[in-house]
Amino acid sequence: MTGSARSYAASGIAAGQSIVSTYSAGPFVAGAALGAFDRIGLTHIPVGTGNTERLVKAVELLRPQAVVMTPSYAAYVAENYDLRDSSVQRVLVAGEPGGGEHAFRAKLEEGWGAKVTEAMGIGDIGVSLWGECEEQDGMHLGARGFVHPELIEPDSGDAIAMEDGAAGELVLTHLKHRAAPLLRFRTRDHVVVKTSPCPCGRTGPRIRCVGRTDDMLIVRGVNVFPSAIREVVSQFTPQVSGHVLVKPTSAGVKQDPPLPVAVELAPGGEADPDAIRARLREVLVVQADVQLVPWGSLQRSEYKSTLVQR
Ligand SMILES: [Zn+2]
């Protein structure tokens, strides 16, 4: 709980402010988050998941300084309601990658008229173990002293040093858990580490989650995460909406190129599929078959986005 409080507080939210949450989780996750909000001194306004009318009403009537939700849901709300002049100054996103992607974050900040920072945890170990500070340069380990982080190479299980720029699957060990502690728990989260000094003064290592190990595809020997594809495609904003759907042609992880990727256009947007394909090849070294689809044709999510169609 102390770790979660540190992670949320890193965002700049402070005692005396109020926060609207949209958690749908059971008592364990919701309880731990509630404890963390209490510890910071926040007034917690739970509205649950999937009731956007109620969320927007809560923002209008109760004038919270912050909201916490998944980045997909934050995008969904901003696409359907104009909240740019609301009381919300901070949008805390968690539950899936997205908040740390440059273009996606910019879109959320524009839509909400608020600063967006991300947090990350995992139910088995603890909620919001990591939280981004106002520098928006990766999530600090708020739960330092409570969990020990390691990196491994997902296939071999070999340890990777937690050095600046290192990438691998995050493995966590409980250090102070009293009942059923977990040792070297594989999170399946694929992260990139930053250890360079952060101007905020926090010394905990920072990470950015690039996707779930389970979502990873291997296209002619190259590891590709769907969220990384979305990040590259989003560079073509405002011509594209930022919604993508990867459509693997065969079951399993290994894919033969080209990898089909549906890219949704923004309202009135026009994009050159060849330019997007070239950019994907340049940044991710993946050969994609880019198919442009009209605005509104890819499914929106009120919880977590599905980036891969199986
Ligand atoms: Zn920082």
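In the block above lies the structure referred to throughout.
This structure is a prediction, so every number in the text was calculated from the model and none was measured.

Draft legend 1. Just helix H7 (residues 273-284), in detail. With twelve residues, H7 extends 16 Å between its outermost C-alpha atoms, agreeing within 8% with the 16 Å of an ideal straight helix rising 1.5 Å per residue. For H7, every residue scored as buried is listed here: Ile276, Leu280 and Leu284. The buried residues of H7 occupy an angular sector of 40 degrees when the element is viewed end-on, so they sit on one face. Packing partners of the buried residues in H7 comprise strand S14 (222-224), helix H6 (226-233), strand S15 (240-246), strand S17 (259-265) and strand S18 (288-293). Capping the start of H7, aspartate 272 holds a side-chain oxygen 3.0 Å from the backbone nitrogen of aspartate 274, two or three residues further along. Positioned one or two residues after H7, valine 285 has a phi angle of 55 degrees, which is positive.

Draft legend 2. Inspection of the side chain of histidine 174 at higher detail. Take histidine 174: it is sitting in strand S10 (residues 167-174). Of note is the side chain of histidine 174, whose polar atom sits 2.9 Å from the backbone oxygen of isoleucine 125. When near neighbours in sequence (up to four residues on either side) are disregarded, histidine 174 contacts Asp124, Ile125, Phe146, Val147, Ala180, Pro181 and Leu182.

Draft legend 3. Up close: the nonpolar core. Ile229, Val233, Val263 and Leu280 are the most contacted members of the largest nonpolar core, which has 24 residues in total. A total of four residues in this core trace back to one element, the largest contributor, which is H6. When sequence neighbours within four positions are dropped, the list of residues in contact with valine 263 reads Val233, Val240, His243, Val244, Ile276, Val290, Gln291, Leu292 and Val293. Counting 21 residues, the second largest nonpolar core, distinct from the first, contains Ala58, Met69, Tyr73 and Val91.

Draft legend 4. Quick peek at the environment of glycine 268. Looking at the secondary structure, you find glycine 268 in the loop between S17 and H7. Here glycine 268 falls in the exposed class, since its relative accessible area comes to 80%. When the C-alpha positions of glycine 268 and proline 238 are compared, they lie 9.6 Å apart, and in sequence the two are 30 residues distant.

Draft legend 5. Quick peek at the coordination of the zinc ion. Within the protein, Cys133 (SG), His140 (NE2), Cys198 (SG) and Cys200 (SG) serve as the donor atoms for the zinc ion, at 2.1 to 2.3 Å. Around the zinc ion, the four donor atoms sit at angles spanning 102 to 114 degrees, and that spread fits a shape best called tetrahedral. Here the donor residues of the zinc ion are spaced in sequence according to C-x6-H-x57-C-x1-C.

Draft legend 6. Structural view of unusual backbone geometry. Each neighbour pair has its own omega, and for threonine 237 with proline 238 the value is 10 degrees, a cis peptide bond. Tracing the backbone shows proline 238 in the loop between H6 and S15. Here proline 257 and proline 258 are connected by a cis peptide whose omega angle stands at -5 degrees. Mapping proline 258 onto the fold places it in the loop between strand S16 (254-255) and S17. Positive phi outside glycine occurs at arginine 184, with the angle close to 50 degrees. For arginine 184, the position within the fold is in the loop between S10 and strand S11 (185-194). Looking at arginine 184, the relative accessible area reads 44%, which means it is partly exposed. Of note in this structure, valine 285 is not a glycine but carries a positive phi near 55 degrees. Structurally, the position occupied by valine 285 is in the loop between H7 and S18.

Rules used throughout
- Residues numbered from 1 in each chain as written.
- Predicted model: local features only at pLDDT ≥ 70, side-chain atom pairs only at ≥ 80, totals over all residues.
- Heavy atoms only, no water.
- Helix = DSSP H or I, 4+ residues; strand = E, 2+ residues; numbered from the N terminus.
- Expected span 1.5 Å × (residues − 1).
- Buried < 20%, exposed > 50% of the residue type's maximum accessible area, 1.4 Å probe, protein only.
- Arc of directions from axis to C-beta.
- Contact = heavy atoms within 4.5 Å.
- Polar contact = N/O pair within 3.5 Å; in protein donor to acceptor, adjacent residues only side chain to side chain.
- Core = buried A, V, L, I, M, F, W, Y, C linked by side-chain atoms within 4.5 Å.
- Donors = N, O, S within 2.8 Å, 3.2 Å for Na, K, Ca; no water.
- Tetrahedral: all angles 85-135°; square planar, octahedral: opposite > 155°, others 65-115°.

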